[in-house]
Amino acid sequence: MKKYQFLTSAALVAVLAGTVHAQDASTPNNSATTASSETGVTEVVVTAERRSSKISRTPIAITAVAGDQVRDKGLNTVGDVLTKTPAIVVQNSTKGQAIFIRGIGSTGDAQEGGDPAVNLNIDGVYQQQAIAPLASSLDINRVEVLRGPQGTLYGRNSNAGSINVITTDPTRTALGGYLTVDAGDFNSQRAEAAVNVPISDKVAARFAVVGNSHDGYYSNDGGSADGYAARAKVKIWASDRLTLTGSALYSRENGNPASTVPAPLNRDDPYNTTYPAYDGTNGNPFFPPLAGGPSAVPHGVQDIKFAQVNAQLDYEFENATLTIIPAYTHTYQYQDTALLPFGASAQETAEDAKSLEVRLASAPTSHLTWVVGAFGYNAEDDRNPFPETKIDFPHQVVLLPANQAVRYSSKTYAAFGQVTVPVTDKLRLTGGARWTHDEKETAFDYFTTTTASTPGNVYKNQYDKSTYKAGAQYDLSGNTMLYGQASTGFKAGGVNPNGSKFEPEEITAYEVGSKTRFLDNKVQLNLSAYRYDYNNYQARVNAPDCSDATGYSQQTINAATLENYGGEVEVTAAPSSNDRVYATAAYLHAQGRFQYDNGICTAGVITHAYLDITQAPPNSPEWSGLIGYEHRFDLANGSSLNASIDMRWSDGYDTSIDDSIYDDQKWFTRTDVTLMYTLPGEKIRVKAYVRNLEDRAQKLFTLAPPIPLAALELSDPQTYGITLMVKY
């Protein structure tokens, strides 16, 4: 039955695209000029397939947001950008923002050495841990969001999709830049600046810096911000064929991490972090201080440092371009948090990662479009099992003597290739493959005291995986393209802190779609339909653990086999040079059978609680979307007033895999409004904004241990402010 539902969706895509084509068959192909047309939909050029192409001619489900739009709308993190794209849910975790695309994401990447299901790249450099939001949102040129597995060109950890953050390169044209200064409620202050400096006719540099702070959104001042980031970029045009680009980035964030609030959610005071006293049903009496009375949970503290140095060499041969991208990243994270009212936990880790990618791609004028390459990645994580505690709250006790994980390593090597062959002037076929070798290792030390230890066991997990892609593109006209593809991907397996292993996730995906521009390029319509067969779904669950004082610990397991199918519609219209209308709608059917032990250990005896549940995976709304409108009022003195409103809407969904009555997020809308005045000459703008006009909190994550208690992490409350933007 599900197979026929997918085929029906595929047929619908083809019928709708054909209908539009028939209505617009007389329209000439002027898409090349539409990109700069004042009355058409602006076309974004992307590099999602490791080559430059217009988004309307790229045969994958992709959304791109230009840097100017990011700044105009005040999208200050990649997570903010993603909330404006279809079929995506963003969830906070101790390792940054966890991203779910079409119901596929990761509940296990919060642990040290864990892996996301979405492949995040900054300037072509893979980020295994995305814990520094400011580092990925500074001086953005564009953000590309690729939906669906990208196992051929992007490799492991791209089952859900890939996100490419491309920052602005230096140019040789002129000295210039921008400055934005923002002030709002919660004592919010943010400033971002960038300057482009031509040094000679062969060398240019660009410098960018951002600072951000605001008070906490929770009653205990949790969820505050206090950080900065800076980047320097240098580009050298060594010859007509050779260019070299080097970049150095550093960021530090010290704001209080987000807190939790008790479930069920108090809608009258949603951000109150005081937990009620134990009444015989709402907790476990042997966990102080919950047993003694209401618990005012303190905010956590954190210190996050991120540094990246990377380079890119591009050399143009007669018929190909060679690209080499070496990179080094260092990440340090300290957190001491009390996410539940019966104990705090401190974590301290440092990661050093090195990567190298080498690609050889066909020239833009080549009859065949092809790319071949190799990729290597090596990350080493050091964990302090007994970090200093900084908040005044009872901390979870480690029972000694005990084995403690102290080092994690992750290595991967891959070779890949993809080619697109024109069969006729309208039909093109694509084939690609990738081979990957992965190694994961967790090393333990045996501690007799917090300062005395001896080397313990080393647990390893390694495997080889091959992934492929096969697809076709067909031009119904110069303005309408159909595409279809089958592809595979995988997410790395690994080793839990207790030494148990979990295997890689594997996905096989089928997708069809169409991309159409019509009505003299005033309307862009993108359609897609897909089906996923997903094996070994990794989930981070509460499992019994007698070595933990609480009687349980979080472990990543292969919990389910999933079947997901659905479709998306994206429409953008520019009926005049002063108007822009956009809307997206996504349908998702996601279902899986989850089987695991949710029990607890008491006095050395495990009380098992085996679960066997058929349900949707977390963060999988059946229907979701976005609708927005922008209008520019041209004023008599040459100035203008821009008004915009967009509303994100979503069906209800579960926020965690835990079997809790509190983890369901109901249907909601979330609306942002912006009013921007532009002075004559368009160099100075003043913007007023309100985010979350409804002033309603959504559940981002539900923490439900195997006791009758649950804690909730929430989305941001309503915020408002004023921004000054200057270009020079």
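Residues numbered from 1 in each chain as written. Predicted model: local features only at pLDDT ≥ 70, side-chain atom pairs only at ≥ 80, totals over all residues. Heavy atoms only, no water.

A. Spatial organisation of the overall build of the protein. Of regular secondary structure, the protein possesses 4 helices and 43 strands. When burial is assessed residue by residue, the protein has 55% of its 728 residues classed as buried. Approximately 29000 Å² of the protein is accessible, and the part contributed by carbon and sulfur atoms is 57%. (Helix = DSSP H or I, 4+ residues; strand = E, 2+ residues; numbered from the N terminus. Buried < 20%, exposed > 50% of the residue type's maximum accessible area, 1.4 Å probe, protein only. Areas by Shrake-Rupley, 256 points an atom, 1.4 Å probe, with all protein chains shown as cover.)

B. Structural view of the sheet that holds strand E15 (residues 261-262). The 3 strands are arranged E15-E42-E41 in an open sheet whose pairing can be described as antiparallel. Sheet topology places E15 and strand E41 (699-703) at the edges, where each strand pairs with a single neighbour. (Pairing = 2+ DSSP bridges.)

C. The sheet that holds strand E6 (residues 118-122), seen in detail. Read from one edge to the other, the open sheet built from 5 strands follows the order E3-E8-E9-E6-E7, with strand pairing classed as mixed. Edge positions in the sheet fall to strand E3 (62-66) and strand E7 (125-127), since each has one partner strand and no second. Strand after strand, the sheet turns through a mean of 20° between neighbouring axes, direction not considered. The pairing of E3 with strand E8 (residues 140-147) spans 5 bridges and is classified as antiparallel. Following the sheet pairing, Ala 66 is matched in E8 by Arg 142. (Axes fitted to C-alpha atoms, helices over the stretch in contact; angles between N-to-C directions.)

D. Up close: the packing of aromatic side chains. One pass over the structure, following the stated rule, counts 12 aromatic pairs. Grouping aromatic residues by their ring pairs yields a cluster made of Tyr 534, Tyr 537 and Phe 594. For the cation-ring pair, Arg 102 lies above Tyr 530, with the distance from its terminal atom to the ring centre recorded as 4.0 Å. The ring of Tyr 332 carries Lys 305 above its face, with NZ or CZ at 5.3 Å from the centroid. (Phe/Tyr/Trp six-rings, centres within 6.5 Å; stacked < 30°, edge-to-face > 60°. Lys NZ or Arg CZ within 6 Å of the ring centre and 35° of its normal.)

E. Main features of the confidence of the model for the protein. In the predicted model, the protein carries a mean pLDDT of 86, and the fraction of residues at 70 or more is 89%. Below a pLDDT of 50 lies the segment residues 1-37, which in the model reaches 53 contacts outside its immediate sequence neighbourhood of four places, other chains included. The model gives residues 284-289 a pLDDT under 50, and that stretch makes 15 contacts with residues more than four places away or in other chains. (pLDDT = per-residue confidence, 0-100. Contact = heavy atoms within 4.5 Å.)

F. Spotlight on the environment of Ala 452. Relative to the elements of secondary structure, Ala 452 occurs in the loop between strand E23 (427-447) and strand E24 (453-477). Residue Ala 452 is classed as partly exposed on the basis of its relative accessible area, which comes to 31%. For the pair Ala 452 and Pro 401, spaced 51 residues apart in sequence, the C-alpha separation works out to 9.9 Å.

G. Summary view of the nonpolar core. The biggest cluster of nonpolar side chains holds 38 residues, and the ones touching the most others in it are Leu 82, Ile 163 and Phe 594. At 6 residues, the largest contribution of residues to this core is made by strand E29 (residues 523-544). Apart from residues no more than four positions distant in its own chain, Ile 163 is found in contact with Val 78, Leu 82, Ile 99, Val 118, Asn 119, Leu 120, Asn 121, Val 143 and Glu 144. (Core = buried A, V, L, I, M, F, W, Y, C linked by side-chain atoms within 4.5 Å.)

H. Spatial organisation of the pattern of salt bridges. Applying the stated rule across the entire model yields 34 salt bridges. Between Asp 303 and Arg 252 there is a salt bridge, with its nearest N and O atoms 2.9 Å apart. Pair noted here: Asp 303 is in strand E18 (residues 301-316) and Arg 252 is in strand E14 (residues 242-253), with a separation of 51 residues, a long-range link. You can call Asp 303 buried: its relative accessible area is 13%. Of the charged contacts in the structure, one is a salt bridge between Asp 664 and Lys 699, with a shortest N-O distance of 3.8 Å. Within this pair, whereas Asp 664 is found in strand E38 (residues 664-665), its partner Lys 699 is found in strand E41, the two being separated by 35 residues in sequence. You can call Asp 664 partly exposed: its relative accessible area is 23%. Look at the salt bridges and you will find they share partners, linking Lys 73, Lys 84, Arg 580, Glu 630, Asp 646 and Asp 672 into a network. (Salt bridge = Lys/Arg side-chain N within 4 Å of Asp/Glu carboxyl O.)

I. Layout of the side chain of Thr 323. Within the secondary structure layout, Thr 323 lies in strand E19 (residues 320-340). Judged by its relative accessible area of 7%, Thr 323 is buried. Polar contacts involving the side chain of Thr 323 include one to the side chain of Asp 314, which spans 2.8 Å. Apart from the residues within four sequence positions on either side, Thr 323 is in contact with Gln 312, Leu 313, Asp 314, Glu 357, Val 358 and Arg 359. (Polar contact = N/O pair within 3.5 Å; in protein donor to acceptor, adjacent residues only side chain to side chain.)

J. Main features of the pairing of strand E13 (residues 225-237). Where burial is concerned, the two faces of E13 differ: the one with Ala 225, Gly 227, Ala 229, Arg 231, Lys 233, Lys 235 and Trp 237 is buried and the one with Asp 226, Tyr 228, Ala 230, Ala 232, Val 234 and Ile 236 is not. Note: strand E12 (residues 203-214) against E13, 12 bridges, orientation antiparallel. By the bridge assignment for E13, Val 210 is matched with Ala 229. One ladder, built from 11 bridges, connects E13 with E14; its direction is antiparallel. Bridge pairing links Arg 231 to Leu 249 in E14. Here E13 hands over to E14 after 4 residues, the two strands then running antiparallel side by side.

K. Representation of unusual backbone geometry within the structure. Here the bond from Ala 263 into Pro 264 is cis, since omega is 0°, no more than 30 degrees from zero. With respect to the helices, strands and loops of the structure, Pro 264 is situated in the loop between E15 and strand E16 (274-275). Residues other than glycine seldom take positive phi values, yet Ala 87 does so here, at roughly 65°. Its place among the elements puts Ala 87 in the loop between helix H4 (78-82) and strand E4 (88-93). Despite not being glycine, Asn 187 has its phi angle at roughly 55°, a positive value. Mapped onto the elements of the fold, Asn 187 is located in the loop between strand E10 (176-184) and strand E11 (188-198).

L. Structural context of the pairing of E10. Alignment of E10 against E11, held across 9 bridges, turns out to be antiparallel. When the bridges of E11 are listed, Val 181 appears paired with Ala 191. Two successive antiparallel strands, E10 and E11, enclose a turn made up of 3 residues, where Phe 186 displays a positive phi of approximately 60°.

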